Amino acid sequence: MQSPSLTTMPPAISVSGVTKRYGPVTAVDGVDLEIAEGEVYALLGPNGAGKTTLVEMLEGFRKADSGEISVLGMDPADGSLAFRSRIGIVLQSQGSIDTYTARELVSAWSAAYPNPMDPESALKLVGLSEHADRRGKKFSGGMRRRLDFALGVVGNPDLLFLDEPTTGFDAVARRQSWEVVRSLSAEGRTILLTTHYLDEAEALADRIGVISEGKLIIEGTIWDLRRELGTSTRISWRPDPELDLAGLPQEASAWRRTESGRLTLETNEPTRLLRDLLAWSALRGLDELPELWVRSPSLEEIYLELVGAESEAQDPPLVEAAG
Amino acid sequence: MTAAAGTLVTDRAELLRRTVRLSWVQFVLAFKATVREPQAVFFLILFPIMLFVIFGSVFPWEIDGTDVKLSHYLAAGIIGSSLFGTSFMNLSIGLVGQREDGWLKRLGGSPVPKLSFFAGQIGSALVITVAQVIAMLIIGIAAFGLDLPSGTQWLTLIWVLALGVAAGCGMGIAVTRIIPSVRSAPPVVNFPFIGLQFISGVFLNFDILPTWLQWLASVFPLRWLCQGLRSVFLPDEFQNVEPGGSWQLEWVAIVLLIWIVVGLALAVRTFRWDQSG
């Protein structure tokens, strides 16, 4: 991963006050964003949050209602030859690739670019060299996505748009894709990744931006996000329903209660709260506080809360991360 | 750093060469896509022949008041309508399918010129049309005693076919804007097209239709296309049976040209790589 260059190089992508409406719905609401050259930036957000619309404006398929967009120093909406020669788009394709072999398609595609990769290299990069002469209709879902990838990168783009690149991949294929993305980034390309997967964003991105309801609500490196949002520690346990909670530290009402009866509290002073909680439990003659855990929120919890979904992780996850 | 800004094309001659080269690449892709689909080959080539053979055999007689065989009339009509089916119906539905599955979006984000893409589509339609015509000629001559065109008739055949393909393709591209999806294509494309065939002198003699229906049909290019083709395959005396009293080749050319202009203008203005704003 590279740290973003903050200096004299113009940003690869610059978005300023961009708004897009569809009738009464404001899909993108005054977004400001800058992505530096060579950066890997992950755009996260629930469906319908506006990230697709934003990315389509950056790719040149839609025009903003207001604000300015500059991608690689050009206005994408112009759709100039220079612009389209320097970007690559990896998207999920369905039927149309069926009638062709991977080799045919990647070769045909490379012909359009001024400085393409060798089609064989592109095929090799995505691991399709062996199957390159098989027709698309015989491809598994994973192979199709690899072909999508090859088509997106064969043009040797300076800026790559990756639209949910590993959806439907198994764990091995995901890891392989991540390696490919990393190697592309190591060559200095700028990459804008939209994804639902937080671990993917964490694994690949220099910076993450979260879009919700058309607004960019937070942006920064993983560490920035944690620092801003995840400082607090959570303490949680599940009391026996009959238990009288009088005298519970910080008042029973301060604790968040789930339907299953679990109590959770966020605090910046976990040790003090724990001490008080343990003292209280001793007073009550409880040997054990049932299902007690103490931890800092996962990135997923931070994200889910941020975008307004009820956090699933009131109860600890099935596979508990260490600590 | 990656791709050098270097070899970007700015010189006009170079740009033209590039467009031509990429038109060829796109043509190869479009053509392969069509011929590799057995369904397409059936509908585009075998089905018209089947219709031709069946109708021609079931109605082996001459048209009332002439000594022109119905099968020869049919030959012109079926060539015309299968040309239109390829350029208009097949092309538009194909484009909608490509739009639906992201193919067009991918193209739109690549440096392939729109012109090259459409040239490829039109070129593919043209090649298939030629194949259809050849197939029909072979059957027509072998089974129904159709005469090969002679001398200037070849010229007429060529320009009528060329204008017909151009008009069909222009309209086919333009109409994709109003077709929401492949599944909802039939009421917008297929059914109107079938209806148009019946009133344009493809299966039924045009001259036996009521006048108002003839007027309606004459707005559209198919009636004129078939008439132009009849001038190639039927004896000159048949002109008397035509509503206009002659082949009216000037009108054939004019109407087709108008539709070409309308179709291409609409296509250029309304075509989108993806469906929506």
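Numbering of residues starts from 1 in each chain and follows the order in which that chain's sequence is written. By the order in which they are written, chains take letters starting at A while ligands take numbers starting at 1. The predicted nature of this model means local features are confined to residues of pLDDT at least 70 and side-chain atom pairs, given and counted, to a pLDDT of 80 or more, with totals for whole chains, interfaces and linings taken over all residues.

**A few points about helix 10 (residues 299-306) of chain A**
All names here are of chain A. For clarity, the cut-off: To sort residues by exposure, count the other C-beta atoms lying within 10 Å of each residue's C-beta; 20 or more gives buried, 12 or fewer gives exposed, and values between give partly exposed, all with C-beta atoms placed from the backbone. Under the scheme used here, helices are H or I runs from DSSP no shorter than 4 residues and strands are E runs no shorter than 2 residues, and both carry numbers assigned from the N terminus. Each residue is represented by a C-beta atom placed from its backbone, and any two residues with such atoms within 7 Å are regarded as in contact.
Those residues of helix 10 that sit buried are Glu-301, Ile-302 and Tyr-303. If you follow the buried residues of helix 10, they end up packed against strand 3 (40-44), helix 7 (198-204), strand 8 (207-212) and helix 8 (222-229). Just beyond helix 10, the residue with positive phi is Gly-308, at close to 90°.

**Some remarks on the pairing of strand 8 of chain A**
Residues and elements named next belong to chain A. Quick note on the threshold: Two strands qualify as a pair provided that DSSP identifies no fewer than 2 bridges between them.
Burial within strand 8 is extensive, with six of its six residues counted as buried. Across the two faces of strand 8 the burial is the same, with Arg-207, Gly-209 and Ile-211 and Ile-208, Val-210 and Ser-212 all buried. As judged from the four bridges shared by strand 3 and strand 8, these two strands associate in the parallel manner. Counted as the bridge partner of Ala-42 is Ile-208 from strand 8. Bridging between strand 8 and strand 9 (residues 215-220) involves five bridges; their strand directions are antiparallel. Bridge pairing in strand 9 links Gly-209 to Glu-219. In sequence, strand 8 turns back onto strand 9 through a hairpin of two residues, with Glu-213 there showing a positive phi of about 50°.

**Some points on the environment of Phe-52 of chain B**
Residue and element names in this part refer to chain B. Within the fold, Phe-52 resides in helix 2 (residues 38-58). For Phe-52, a count of 23 C-beta atoms within 10 Å translates into the label buried. With sequence-adjacent residues up to four places away left out, Phe-52 is seen in contact with Leu-74, Ala-75, Ile-78, Met-136 and Ile-139.

**A closer look at the confidence of the model for chain B**
Residues and elements named next belong to chain B. Heads up, the condition is: pLDDT runs from 0 to 100 and stands for how confident the predictor is about each residue.
Scored by pLDDT, chain B has a mean of 87; 95% of the residues are at 70 or more. For the stretch residues 1-6, pLDDT sits under 50, and the model shows 13 contacts to residues farther than four places along the chain or on other chains. Confidence metrics for the complex model read pTM 0.81 and ipTM 0.82.

**Description of the domain arrangement of chain A**
To keep things clear, this is the line we draw: Where each domain begins and ends is defined by an automated method or by a domain database.
Here chain A is described as being made up of domain 1 (13-227) and domain 2 (232-295). The distance between the C-alpha centroids of domain 1 of chain A and domain 2 of chain A comes to 45 Å.

**What to know about the sheet that holds strand 4 (residues 66-71) of chain A**
Residue and element names in this part refer to chain A. Worth spelling out the cut-off: Axis lines are fitted through C-alpha atoms, for helices just across the contact stretch, and the angle between N-to-C directions can take any value from 0 to 180 degrees.
What the three strands build is an open sheet, ordered 2-1-4; its pairing is antiparallel. Of all the strands in the sheet, just strand 2 (25-35) and strand 4 have a single pairing partner and so form its edges. On average, each strand axis in the sheet is inclined to that of its neighbour by 25°, with strand direction left out of account. As paired strands, strand 1 (residues 13-22) and strand 4 are joined by five bridges and run antiparallel to one another. Note that in strand 4 the partner of Ser-16 across the bridge is Glu-68.

**Considering the sheet that holds strand 12 (residues 263-267) of chain A**
Residue and element names in this part refer to chain A. The sheet built from four strands is open, its strands ordered 11-12-10-13 with antiparallel pairing. What marks the edges here is a single partner per strand, and that holds for strand 11 (256-257) and strand 13 (293-295). In this structure, strand 10 (residues 233-237) lies alongside strand 12, joined through five bridges in antiparallel fashion. The residue of strand 12 that forms the bridge with Ser-236 is Thr-264. Helix 9 (residues 270-283) contacts strand 10, strand 12 and strand 13 of the sheet and is inclined by roughly 20° relative to strand 10.

**Quick look at the environment of Lys-69 of chain B**
Residues and elements named next belong to chain B. Note that Lys-69 resides in the loop between helix 2 and helix 3 (70-100). Once the C-alpha coordinates of Lys-69 and Ser-181 are considered, the two residues, 112 residues apart in sequence, prove to be 42 Å apart. If sequence neighbours within four positions are ignored, Lys-69 has contacts with Glu-62 and Phe-144.

**Overview of the packing of helix 2 of chain B against helix 3 of chain B**
All names here are of chain B. Note the cut-off: Should an angle lie under 35 degrees it is considered roughly parallel, over 145 roughly antiparallel, and from 65 to 115 roughly perpendicular; all remaining angles are considered oblique. In this scheme, a crossing is called left-handed if the near helix is turned counterclockwise away from the far one by less than a right angle; it is called right-handed if the turn is clockwise. Under the scheme applied here, ten amino acids are nonpolar (Ala, Val, Leu, Ile, Met, Phe, Trp, Tyr, Cys and Pro), four are charged (Asp, Glu, Lys and Arg), and all others, including Gly, are polar.
Relative to each other, helix 2 and helix 3 sit at 155°, their axes nearing to 10 Å. Viewed along their axes, helix 2 and helix 3 adopt a mutual orientation that is roughly antiparallel. Relative to helix 3, helix 2 is oriented so that their crossing is right-handed. Of helix 3, the residues touching helix 2 (which contributes Leu-44, Pro-48, Leu-51, Phe-52, Phe-55 and Gly-56) are Ser-71, Leu-74, Ala-75, Ile-78, Ser-82, Thr-86 and Asn-90. Looking at the contact of helix 2 with helix 3 residue by residue, the class counts come to eight nonpolar, five polar and no charged.

**Some thoughts on the interface of chain A and chain B**
When the parts of a complex come together, some accessible area is lost, and that lost area is often taken as the interface size. Residue-level contacts link 34 residues of chain A with 30 residues of chain B. Going through the elements one at a time, helix 2 (81-86), strand 5 (87-90) and helix 3 (102-110) of chain A are the ones with two or more residues in the side of chain A that touches chain B. Per-element accounting of the side of chain A that touches chain B gives the leading share, five residues, to helix 2 of chain A.

**Description of unusual backbone geometry**
All names here are of chain A. Residue Leu-72 is not a glycine yet carries a positive backbone phi of 50°. Here Leu-72 falls in the buried class, since 20 other C-beta atoms lie within 10 Å of it. The backbone of Asn-156 sits at a positive phi, close to 65°, despite the residue not being glycine. Note that Asn-156 resides in the loop between helix 5 (141-153) and strand 6 (159-163). C-beta crowding within 10 Å serves as the criterion here: with 22 such atoms nearby, Asn-156 is assigned to the buried category.

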